[in-house]
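Summary of structural features
Below are the chains, spelled out letter by letter.
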Amino acid sequence: EMRSIKRQSFHLVYPLTIFSTVFTYILGLLVFREVISPMAITGMAVTLVGAYILNVEKSKEGIFEPFMHLLRDKFSLLVLLAMVLTAVSSVLDKTALLHIAGANAGATLFVENILMSGFLTLLLVQRDVAWIVKLKKYFWPLLLMSLLYVITGIFTFYAFMGGTVALTSAVKRTQILWVMMYGVLFFHERPPKHTWVATILMITGAVLMRLG
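All of these numbers come straight from a predicted model, not from anything done at the bench.

Focus: the overall build of the chain
- Scanning the chain from N- to C-terminus turns up 12 helices and zero strands.
- Reading the chain from its N end, one meets helices and strands in the order α-α-α-α-α-α-α-α-α-α-α-α.
- Evaluated residue by residue, the chain yields a buried proportion of 29% over its 212 residues.
- A sequence separation of at least 24 residues applies to 66% of the contacts in the chain between residues at least 6 apart.
- For the chain, the exposed surface amounts to about 14,100 Å²; the carbon and sulfur share of it is 73%.

In structure tokens, the structure reads:
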């Protein structure tokens, strides 16, 4: 996902992160035998319509070409694969919380981040021997990003405590619109009108799935 965002404009790849909701819902049905909700099915359909509109200019090459483009474009495919892994991670999180005695959300998240940091360190050592030098060079921006990540997690945690998980998760998905607006402000991107329409539809679909 990070590689795709680095190489492509925000408005071309970031709306696809909404598919984590779709994949999570499908895995929830398969693994936990959750009940199929008509509203959630409607939400999935609306999300797919949004994905179609996102690449609607490709429809001139064939009616299914907007969907096929997502599978052929390397950066879009990377984001979709990342969202599949995100959904799998959510299922594993829930499995851990349900089956590990004394498990809680904070402890589970803490252990996961420690393990993830270890894996990322090994990856950096293998692929970039000069990563420590780069870490020193960009230490303060990375520290600021880490603090924002922690603050975001804390705010989300309190939101989950004070409100319904479904509604909070749905509201959280509106971050896609904020990211696109930041792309306009800071990177001078100019998303076409149909991209905004597609993004709003995809977020609406995610809200319906969460509320269903």
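Description of helix H4 (residues 38–54)
- With 17 residues, H4 extends 24 Å from end C-alpha to end C-alpha; this agrees with the ideal 24 Å at 1.5 Å per step.
- Every buried residue of H4 is listed here: Ala40, Gly43, Met44, Val46, Thr47, Gly50, Ala51 and Leu54. Viewed end-on, H4 has its buried residues packed into an arc of 165 degrees, placing them on one side of the element.

A word on the packing of aromatic side chains
- Counted according to the given criterion, the structure contains four aromatic pairs.
- Each ring, one from tyrosine 52 and one from phenylalanine 67, has its centre 5.3 Å from the other, and the planes form 65 degrees; the classification is edge-to-face. Residue tyrosine 52 is found in helix H4, and its partner phenylalanine 67 is found in helix H5 (residues 65–72); the two are separated by 15 residues along the sequence.
- A centroid spacing of 5.1 Å and a plane angle of 80 degrees characterise the contact between phenylalanine 139 and tryptophan 140, whose relative ring orientation is edge-to-face.
- On the accessibility criterion, phenylalanine 139 (39% relative accessible area) is partly exposed.

Observations concerning the nonpolar core
- By size, the foremost hydrophobic cluster in this structure holds 25 residues, and its most contacted members are Leu16, Ile18, Phe19 and Ile176.
- Among the secondary structure elements, those contributing two or more residues to this core are helix H3 (19–31), H4, helix H6 (74–99), helix H11 (175–187) and helix H12 (193–211).
- For leucine 16, the contacting residues outside a window of four places in its chain are Leu54, Leu70, Ser76, Val79, Met83 and Met202.

Points about the environment of isoleucine 63
- Within the secondary structure, isoleucine 63 sits in the loop between H4 and H5.
- A residue is classified by how much of its surface remains accessible, and isoleucine 63, at 57% relative accessible area, is exposed.
- Residues isoleucine 63 and tyrosine 52, 11 residues apart in the sequence, show an inter-C-alpha distance of 9.7 Å.

Brief notes about the side chain of threonine 199
- Inspection of the secondary structure assignment puts threonine 199 in helix H12.
- A relative accessible area of 1% means that threonine 199 is categorised as buried.
- Excluding residues that lie within four positions of it along the chain, threonine 199 makes contacts with Pro15, Ile176, Leu177 and Met180.

Considering the confidence of the model for the chain
- Here the chain averages 76 in pLDDT, while 77% of its residues score no lower than 70.
- Per-element averaging of pLDDT across the chain places helix H1 (residues 2–7) at the bottom with 57 and H4 at the top with 85.

Regarding the packing of H3 against H4
- For the pair H3 and H4, interaxial distance at closest approach is 10 Å and the crossing angle is 145 degrees. Of the two elements, H3 crosses H4, and the hand of that crossing is left-handed. Residue-level inspection shows Phe19, Val22, Tyr25 and Ile26 of H3 in contact with H4, the latter providing Ala40, Ile41, Met44, Thr47, Leu48 and Ala51.
- A per-class count over the contact of H3 with H4 returns nine nonpolar, one polar and no charged.

Some points on the environment of alanine 206
- Inspection of the secondary structure puts alanine 206 in helix H12.
- Alanine 206 sits 188 residues away from isoleucine 18 along the chain, and the two C-alpha atoms are 6.9 Å apart.

About the thresholds
- Residues numbered from 1 in each chain as written.
- Predicted model: local features only at pLDDT ≥ 70, side-chain atom pairs only at ≥ 80, totals over all residues.
- Heavy atoms only, no water.
- Helix = DSSP H or I, 4+ residues; strand = E, 2+ residues; numbered from the N terminus.
- Buried < 20%, exposed > 50% of the residue type's maximum accessible area, 1.4 Å probe, protein only.
- Contact = heavy atoms within 4.5 Å.
- Areas by Shrake-Rupley, 256 points an atom, 1.4 Å probe, with all protein chains shown as cover.
- Expected span 1.5 Å × (residues − 1).
- Arc of directions from axis to C-beta.
- Phe/Tyr/Trp six-rings, centres within 6.5 Å; stacked < 30°, edge-to-face > 60°.
- Core = buried A, V, L, I, M, F, W, Y, C linked by side-chain atoms within 4.5 Å.
- pLDDT = per-residue confidence, 0-100.
- Axes fitted to C-alpha atoms, helices over the stretch in contact; angles between N-to-C directions.
- Left-handed = near helix turned anticlockwise from the far one by under 90°.
- Nonpolar A, V, L, I, M, F, W, Y, C, P; charged D, E, K, R; others polar.

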